[in-house]
Amino acid sequence: MSFRAALWLQLGFLSIQRYSQRFCQTQFMEGTKAPTQGPPTADIENGVHREQPQPGAELGETVISEGAVRIVFPNSNEVFYNPVQEFNRDLTCAVITEFARMQLLSKGIQIEVPGEEKLQKVVVNLAESEEGNMEPCPRDQPQTAAVGNVCEEGLRVLEGLAASGLRSIRFAKEVPGLQVVIANDASARAVDLIRCNVQLNNVSHLVQPNLADARLLMYEHQRGSRRFDVIDLDPYGSPAVFLDAAVQAVSEGGLLCVTCTDMAVMAGNSSETCYSKYGAMSIKSKACHEMALRIVLHSLDLRANCYQRYIVPLLSISADFYIRVFVRVYTGQAKVKASASKQGFVFQCVGCGSFHLQRLGKAVNSGRRVKFSAATGPPVGSECEHCGQRHQLGGPLWAEPIHDLDFVGQVLAAVSRNPGRFRTSARIRGVLSMVTEELPDVPLYYTLDQLSRTIHCNTPKLLQLRSALLHAGFRVSLSHACKNAVKTDAPPSELWDIMRCWEKENPVKRERLSETSPAFRILQLEPRLQANFSIRDDANPSSRQQGLQRFQANPEANWGPKARARSGGKATLELAEKRQQLQNKRKEPNKDQGMEKLKAFPCKKFKQGTCLLGNGCYYSHSPEEPQCQPEPEPSPVPLP
């Protein structure tokens with residue numbers, strides 16, 4: 001190739017790049033007019049912001065506003081985006097901010113968070129006015145790191161599956177103390193969209209788009225100084241294929257943030273699939289959401305142990321249709337030896353739901369050293385001692401605390417003193433407040449409806465059951481994963497004694513109970529303690545008394561996990577219509593809602609020609625319709 005040809009190709013590429021930049025900026029300036037009316041209050045509380053369409057439908061793009069950023073997003077389903085997970089992204093920004101505060105403070109660097117600066121200045125001014133010294137001392141002022149600026153000693157962040165780049169751009173514009181943010185995706189269309197959105201938000205000095213397989217990228221950064229301080233994985237479905245690379249690519253004491261949306265697998269609907277992905281058997285349980293958190297933590301620790309590393313959970317959240325865990329990863333052979341004693345199996349009765357935890361290993365501290373050995377068991381017999389039914393075995397799963405309460409308290413304090421930073425601040429405060437109230441050393445929980453349905457009695461009030469447990473000398477708390485949860489250190493025998501006392505005050509018709517049912521076998525025994533159901537003052541937790549937003553209402557119609565992004569995309573309208581048609585498909589549908597597609601399954605009368613609905617017949621309709629007699633066939637006309 002000649003020199004002139006090469007020069008012409010280079011100039012042509014530069015002109016195309018400049019044109020695309022001007023096109024993105026033009027679309028951003030023309031298509032993001034300020035709305036005349038803000039979003040509804042319920043949407044703000046639930047973390048949902050309505051999309052604002054751009055003028056010019058032929059472009060097929062929409063400007064989406066979230067946090068401090070605005071991104072251009074295609075209307076077709078080429079790149080994944082779910083507005084309901086704004087709570088997830090807000091919480092991640094809050095957690096990484098506090099993590100950066102801890103990491104940089106050890107280096108003598110303080111971070112400046114928008115919304116906290118004025119408060120800090122007021123405190124300093126008041127202190128100076130009391131001392132009478134109004135002149136600040138420059139040598140006492142530490143080095144600071146502000147939002148949007150490159151911090152040379154700051155955090156190196158990797159978002160392995162960036163999609164539109166929304167999360168990475170929010171890190172750059174809302175989290176201080178960052179050195180670089182790598183926004184990686186395996187889709188070329190997604191990386192092109194990331195480049196456009198990076199330019200629109202003027203964060204090209206912090207965010208670096210990257211086109212690569214997330215696993216290969218993390219494997220290339222598993223040594224020494226090339227590791228990342230923060231790795232964020234938010235895939236569509238299971239993150240299992242990325243965990244092995246992630247635990248190697250995060251730095252010593254670094255932060256690993258993982259999201260899982262395959263809740264059906266970890267909730268017991270497909271135990272064999274759960275084992276193939278996470279190395280644990282899931283079982284159907286009322287505490288399935290917390291069990292899913294502990295299964296993911298077990299999987300992370302198991303993969304880290306292969307490389308003489310281990311995890312320390314900071315925060316584990318079950319929200320909406322997904323779970324989110326924040327863990328720190330360390331290296332240490334001695335600590336890895338204790339990992340077996342941090343795992344456990346769960347024996348759960350299929351009749352009454354009582355469960356027992358069996359540790360996988362045992363650690364005995366003899367003073368000079370810690371001796372590790374296999375645990376002894378099982379803690380249950382061949383049949384349940386309460387109802388006589390069999391047990392199911394689930395696990396192994398993480399049996400240690402799933403939160404660092406000191407770190408959670410720091411995040412909660414930061415969000416509370418700066419409530420205007422996130423749109424979902426109210427919900428973050430409510431969820432974190434419940435996390436701080438949970439019993440850290442008690443895995444799993446029961447539910448009110450589970451206990452009352454087992455013995456077929458009326459459901460006691462939450463405060464009544466909590467008060468009875470407190471009167472009996474046991475600890476009890478709620479759980480952020482379920483609003484009816486009862487997390488207690490009381491053994492199942494004491495818990496069923498309390499329920500027997502409740503049944504005596506609210507008797508059931510025992511003659512209707514089968515002799516082999518769990519209710520009959522539980523109620524045939526007399527309680528060994530006298531439960532006191534009078535309400536105690538400490539039975540009502542602080543988050544409940546303050547009326548904090550702990551569980552969100554439905555943010556929008558047909559919300560939940562969105563459809564997987566596809567190359568070439570698919571119209572969002574078609575996906576919405578498909579979801580609407582599949583709603584209540586087993587019930588008698590409305591005649592205006594896709595009955596033509598049900599004609600492929602007509603009833604028997606239609607095949608016989610006797611259905612009154614005629615061409616409007618579908619496979620399931622009311623059987624009380626009058627019979628239609630077939631019309632007599634006309635007699636043949638005689639030939640002349």
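Not measured: the values here are computed from a predicted model.

## Comments concerning the overall build of the protein
Right, on to step 1. A count of helical and extended segments in the protein gives 21 helices and 20 strands.
Right, on to step 2. With 640 residues in all, the protein has 48% of them scored as buried.
Right, on to step 3. Across the protein, every contact between residues at least 6 apart in sequence was considered, and the portion connecting residues at least 24 apart equals 69%.
Right, on to step 4. About 32,800 Å² of surface is accessible on the protein, with carbon and sulfur atoms providing 51% of the total.

## Overview of the packing of aromatic side chains
Any aromatic ring pair is given by two values, namely how distant the centres are and how the planes are angled relative to each other.
Right, on to step 1. Summed over the entire model, instances satisfying the criterion amount to four aromatic pairs.
Right, on to step 2. Arranged with centres 5.8 Å apart and planes meeting at 25 degrees, the rings of Tyr310 and Tyr330 form a pair that is stacked. With a gap of 20 residues between them, Tyr310 in strand S11 (residues 309-319) and Tyr330 in strand S12 (residues 322-331) connect regions that are remote in the sequence.
Right, on to step 3. The exposure class assigned to Tyr330 is partly exposed, which follows from its relative accessible area of 22%.
Right, on to step 4. Relative to Tyr446, the ring of Phe355 has its centre 4.6 Å away and its plane inclined at 25 degrees; by these criteria the two rings are stacked. Placement of the pair is Phe355 in strand S14 (residues 355-359) and Tyr446 in strand S18 (residues 446-447), with a sequence separation of 91 residues. By the burial criterion, Phe355 is buried, and Tyr446 matches it.
Right, on to step 5. Against the face of Phe87 rests Arg427, its NZ or CZ located 4.2 Å from the ring centre.

## Notes on unusual backbone geometry
With the exception of glycine, most residues fall at negative phi, and the peptide bonds are largely trans.
Right, on to step 1. For the peptide bond that leads from Gly377 to Pro378, omega is 5 degrees, which places it in the cis range.
Right, on to step 2. Assignment of secondary structure puts Pro378 in the loop between strand S16 (370-374) and strand S17 (391-398).
Right, on to step 3. Omega for the peptide link from Gly395 to Pro396 comes to 0 degrees, which places this bond in the cis form.
Right, on to step 4. Structurally, Pro396 is set in strand S17.
Right, on to step 5. One non-glycine residue, Asp320, lies in positive phi territory at about 55 degrees.

Definitions and cut-offs
Residues numbered from 1 in each chain as written. Predicted model: local features only at pLDDT ≥ 70, side-chain atom pairs only at ≥ 80, totals over all residues. Heavy atoms only, no water. Helix = DSSP H or I, 4+ residues; strand = E, 2+ residues; numbered from the N terminus. Buried < 20%, exposed > 50% of the residue type's maximum accessible area, 1.4 Å probe, protein only. Contact = heavy atoms within 4.5 Å. Areas by Shrake-Rupley, 256 points an atom, 1.4 Å probe, with all protein chains shown as cover. Phe/Tyr/Trp six-rings, centres within 6.5 Å; stacked < 30°, edge-to-face > 60°. Lys NZ or Arg CZ within 6 Å of the ring centre and 35° of its normal.

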